[in-house]
Amino acid sequence: MLKFLKINWIALGFIISISLVIIVGLISYYSLRNLREDQKWVEHTSEVIDKTNSLIKLVVDAESSQRGFLLAGESEFIKRFDQSIPKIETKIEELKNLVADNPEQSKNIFHLDQLINDRIKTFYLLLNSVSKNKKFGKNELIILKQGKRQMDEVRTSVIKIVGNVQLKTDLL
């Protein structure tokens with residue numbers, strides 16, 4: 001009988017040990033799976049932030065080209081401005097595709113797209129007005145101030161987008 005109890009204790013110890021190894025293995029497996037998923041979200045967030053930052057850089061470059069034209073009156077600046085528009089549009093489409101799975105961010109990118117389009121229209125309005133009038137007057141100053149307000153709205157929208165994405169990553 002004593003031998004039977006000894007064998008049962010050994011078997012029970014073995015079963016408990018194997019069970020603990022299996023449990024630890026399962027916990028490790030699920031932890032690694034969650035870690036990989038979190039890493040994908042961190043990479044996604046980083047990509048959204050990078051593309052948003054490069055979009056704002058393109059818009060600022062376009063604005064700089066406009067200023068260059070206003071100061072120097074050389075058409076080279078308009079050419080650079082015109083070349084930046086397709087790049088801006090491409091970057092916006094990339095952002096839309098990146099956040100397509102997130103309705104809130106999609107709405108924010110759509111709003112940013114509208115703001116940027118309004119800003120581009122104001123760029124052209126000012127460039128056309130200055131080209132037509134060959135001077136910078138009161139009307140052009142009003143348009144310039146409107147453009148500044150629009151650019152401030154673009155920056156605020158970018159801060160909102162980057163802040164929302166960063167906040168979600170911080171919560172991981």
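Residues numbered from 1 in each chain as written. Predicted model: local features only at pLDDT ≥ 70, side-chain atom pairs only at ≥ 80, totals over all residues. Heavy atoms only, no water.

### A look at the packing of aromatic side chains
Piece 1. A complete count under the given rule lists 3 aromatic pairs for this structure.
Piece 2. With centroids separated by 4.9 Å and ring planes inclined at 85°, the aromatic side chains of F81 and F123 adopt a geometry described as edge-to-face. Of this pair, F81 sits in helix 2 (residues 75-98) while F123 sits in helix 3 (residues 103-133), and the two are 42 residues apart along the sequence. For the pair F81 and F123, one class covers both residues: buried. (Phe/Tyr/Trp six-rings, centres within 6.5 Å; stacked < 30°, edge-to-face > 60°. Helix = DSSP H or I, 4+ residues; strand = E, 2+ residues; numbered from the N terminus. Buried < 20%, exposed > 50% of the residue type's maximum accessible area, 1.4 Å probe, protein only.)

### Some details on the side chain of Q66
Piece 1. For Q66, the position within the fold is in helix 1 (residues 2-72).
Piece 2. Classification of Q66 by relative accessible area gives buried; the value is 2%.
Piece 3. Among residues more than four places away in sequence, those in contact with Q66 are R119, F123, L126, L127 and L144. (Contact = heavy atoms within 4.5 Å.)

### A few points about the nonpolar core
Piece 1. The biggest cluster of nonpolar side chains holds 31 residues, and the ones touching the most others in it are L55, I88, L112 and I116.
Piece 2. Listing elements by their share of this core, those giving two or more residues are helix 1, helix 2, helix 3 and helix 4 (138-170).
Piece 3. At 9 residues, helix 3 tops the list of elements feeding residues into this core.
Piece 4. Sequence-distant contacts of L55, that is, excluding residues within four places in its chain, are made with I88, K91, I92, L95, L112 and I116. (Core = buried A, V, L, I, M, F, W, Y, C linked by side-chain atoms within 4.5 Å.)

### Some details on the confidence of the model for the protein
Regions with low pLDDT should not have their predicted coordinates read in detail.
Piece 1. Overall, the prediction assigns the protein a mean pLDDT of 84, with 91% of residues at 70 or greater.
Piece 2. Per-element averaging of pLDDT across the protein places helix 4 at the bottom with 82 and helix 2 at the top with 90. (pLDDT = per-residue confidence, 0-100.)

### Description of the side chain of S157
Piece 1. Position of S157 relative to the elements: it lies in helix 4.
Piece 2. S157 has contacts with N108, H111, L112 and L115, leaving out every residue within four places of it along the chain.

### Some remarks on the pattern of salt bridges
Piece 1. As enumerated under the stated definition, the model contains 10 salt bridges in all.
Piece 2. Note that D152 is salt-bridged to K148, the shortest N-O span being 2.7 Å. Separated by 4 residues within a single helix, D152 and K148 lie in helix 4, roughly one turn from each other.
Piece 3. The exposure class assigned to D152 is partly exposed, which follows from its relative accessible area of 32%.
Piece 4. Counted as one network, the salt bridges with shared partners bring together E63, R67, R119, K148, D152 and R155. (Salt bridge = Lys/Arg side-chain N within 4 Å of Asp/Glu carboxyl O.)

### Some points on the environment of F14
Piece 1. Inspection of the secondary structure puts F14 in helix 1.
Piece 2. In the structure, F14 is positioned 29 residues away from E43 in sequence and 43 Å away in space, judged by C-alpha atoms.

### With respect to helix 3
Piece 1. Counted at 1.5 Å a residue, the expected span for helix 3 with its 31 residues is 45 Å, and the 45 Å between its end C-alpha atoms agrees.
Piece 2. Measuring from the backbone nitrogen of E104 back to the side-chain oxygen at the start of helix 3 gives 3.1 Å, which picks out N102 as the cap.
Piece 3. Of the residues trailing helix 3, K134 is marked for its positive phi of about 60°. (Expected span 1.5 Å × (residues − 1). Polar contact = N/O pair within 3.5 Å; in protein donor to acceptor, adjacent residues only side chain to side chain.)

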